[in-house]
Amino acid sequence: MSMNTQGRPTGVGTVGTGASGSALIPDEPLLFEIGDTEHSGVDLPDVTLSNDRLGGFGRKTKLDLAGLTEPEAMRHYVRLSRMNHSIDSGMYPLGSCTMKHNPRLNEKMARLPGFSDIHPLQPVSTVQGALEMMNQLSHWLLTLTNTAAVALSPKAGAHGELLGMMAIKSAQEARGQAHRNVVLVPDSAHGTNPATAAFLGYLVKSVPAREDGTVDVEAVKSALSPDVAAIMLTNPNTCGLFEPQVIEIAKAVHDAGAFFYCDGANFNAIMGVVRPGDLGIDAMHINLHKTFSTPHGGGGPGAGPVVLSEALAPFAPVPFVRKGANGLEMVEHMEGDALGRVTAFHGQMGMYVRALTYMLSHGGDGLAQAAEDAVLNANYIKARLQHIFSVPFPDYPTMHEALFDDSFLKETGVSTLDFAKALIDEGFHPMTMYFPLVVHGAMLIEPTESESKQTLDRFCDVMAELATDAIAGNKQRFTAAPTKAPRRRLDETRAARQPVLKWEKPADLPQAAE
Ligand SMILES: *Cc1c(COP(=O)(O)O)cnc(C)c1O
């Protein structure tokens, strides 16, 4: 046994080394179980505060943080990270979530001191380069969508939806149409659409999908009324299909005095190929963390800029960048109809840099090719698996994602959930399950343009082998899965309802025997 500089024993059993579990799959204790609250990982001189400037609210008890050495702390987090699947460690085929490779060039650019070492309260004359970067990103988003204005600041798709719908609400009020209190939402929509409309006080009226998974313009027309403020439509939709009547739908909506909010989270399927402004959209969020390869899903914060049509442009929120007499300026105070801030400061600057880097490194033609490759990859998966998996909407070629349902599992006793868990044992992150809701037992697979044919083939081989095994009656393999992951099936409901967020000192526990 050795001692560290604080005289604390290290390397005792699992404590300190953390190397329990089996082979290289660690079973990681908490920081408080590795360290202890009696020692510190750093040596700080004792400070005696001469005068209390906290009005008597200063801490009276010990801080009780776990003391750890630098390698102990680092190993803890590295070991935890190895318990997670990530886009850097394997294919991550979550449909709708668009888990693309995060190019290292993006990271390099985001770390340039001119972007990473600046502060939002710095005088604008000292951050002209950063403002120019925001300006260029806006230019690319406006050009790709053919729209009139863009709000960069929303911090996720759902946040962007909220802003877009706030702009629509303000525009209806400005037209003297504040009584319009209904928002149409097709029943294939992402859950954030009805949630956003309801959050703003709208009544949500759903529009049924056709048998083929698309929205019928006639169904939209019959749902439209003088009470309708807007429709929220996803295109390509959540079944991975391009809405064939989207232009007719836009026209019908506008003729009825309503606005067209487009959920643009799936813009990665059409960027550089279709400009949503040409389809008649009024507002659309673009998830930089999906379409433009910025990290997400635990890897980084989201960013959901919203583009706005001519009619909604006056309502774009502050802050925004504009050319002034002395170069670029940041408009921070509301002018005219502009909405107020939806976020502190200017939004996710680091993600702006990464997204613009992705755009510039691809160029306009490269972005179109990325979209086409994403669509090709999804159609390849569909073509390779449709002989064994059931395809709910076989009439159309798919866009960026391949959708299967659970009818091929009928009478096997294996559910979509079991099937997804078995995929973990084969080294793949599961696909999106049970979404879209319009498809029973849905499995939504989105390979993106990141994956090579070799990876797609390996994935399809594994999927086909699993399906064959399920149909052959080997139920046990699926209901027991995952057996090779650091954790088996967790009680996710209990974890959400009764989260244990605080470590309690096991003070009452008797000292462990020698
Ligand atoms: C991801 C997604 C959203 C929400 O985006 P977040 O950034 O997760 O808030 C909305 N709609 C669709 C179709 C999506 O795929």
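Just so it is clear, the structure is predicted and the values come from calculations on it, not from any experiment.

(A) Inspection of the packing of helix H6 (residues 157-174) against helix H7 (residues 192-199) at higher detail. Viewed as axis vectors pointing N to C, H6 and H7 meet at an angle of 45°, and their least axial separation amounts to 9 Å. Judged on the interaxial angle alone, H7 and H6 are oblique. Here H6 and H7 pass one another in a crossing that is right-handed. Together, Ala 158, Glu 161, Leu 162 and Met 165 of H6 and Thr 192, Asn 193, Thr 196 and Phe 199 of H7 make up the contact between the two elements.

(B) Fine view of the environment of Gly 41. Mapped onto the secondary structure, Gly 41 falls in the loop between helix H1 (31-34) and helix H2 (70-82). A relative accessible area of 34% places Gly 41 in the partly exposed class. With ten residues separating them along the chain, Gly 41 and Asn 51 place their C-alpha atoms 27 Å apart.

(C) View of the nonpolar core. In terms of nonpolar packing, the biggest core is built from 61 residues, with Met 134, Leu 137, Leu 141, Leu 184, Val 220, Phe 292 and Met 359 touching the most fellow members. Contributions of two or more residues to this core are made by helix H5 (128-145), strand E6 (182-186), helix H8 (217-223), strand E8 (228-234), helix H9 (246-255), strand E9 (259-263), strand E13 (327-331) and helix H12 (349-385). With twelve residues, the single largest contributor to this core is H12. Apart from the residues within four sequence positions on either side, Val 220 is in contact with Leu 184, Val 207, Val 215, Ile 231, Ile 249 and Val 253. If you look at the next biggest cluster of nonpolar residues, it comprises 30 residues, including Leu 385, Ala 402, Phe 419 and Phe 478.

(D) Molecular detail of the sheet that holds E8. Spatially, E5-E11-E10-E9-E8-E6-E7 is the arrangement adopted by the seven strands of the open sheet, whose pairing is mixed. Of all strands in the sheet, those with a lone pairing partner are strand E5 (149-151) and strand E7 (203-207), marking the two edges. Put simply, the sheet's adjacent strands are angled 20° from each other on average, direction ignored. In terms of strand pairing, strand E10 (residues 283-285) meets strand E11 (residues 306-308) through three bridges, oriented antiparallel. Bridge pairing in E11 links His 285 to Val 306. Against the sheet, H6 engages E5, E6, E8, E9, E10 and E11, with an angle of about 175° to E9. Sitting on the sheet, H7 is in contact with E6, E7, E8 and E9, with an inclination near 160° to E8.

The rules behind each value
Residues numbered from 1 in each chain as written. Predicted model: local features only at pLDDT ≥ 70, side-chain atom pairs only at ≥ 80, totals over all residues. Heavy atoms only, no water. Axes fitted to C-alpha atoms, helices over the stretch in contact; angles between N-to-C directions. Helix = DSSP H or I, 4+ residues; strand = E, 2+ residues; numbered from the N terminus. Parallel < 35°, antiparallel > 145°, perpendicular 65-115°, else oblique. Left-handed = near helix turned anticlockwise from the far one by under 90°. Contact = heavy atoms within 4.5 Å. Buried < 20%, exposed > 50% of the residue type's maximum accessible area, 1.4 Å probe, protein only. Core = buried A, V, L, I, M, F, W, Y, C linked by side-chain atoms within 4.5 Å. Pairing = 2+ DSSP bridges.

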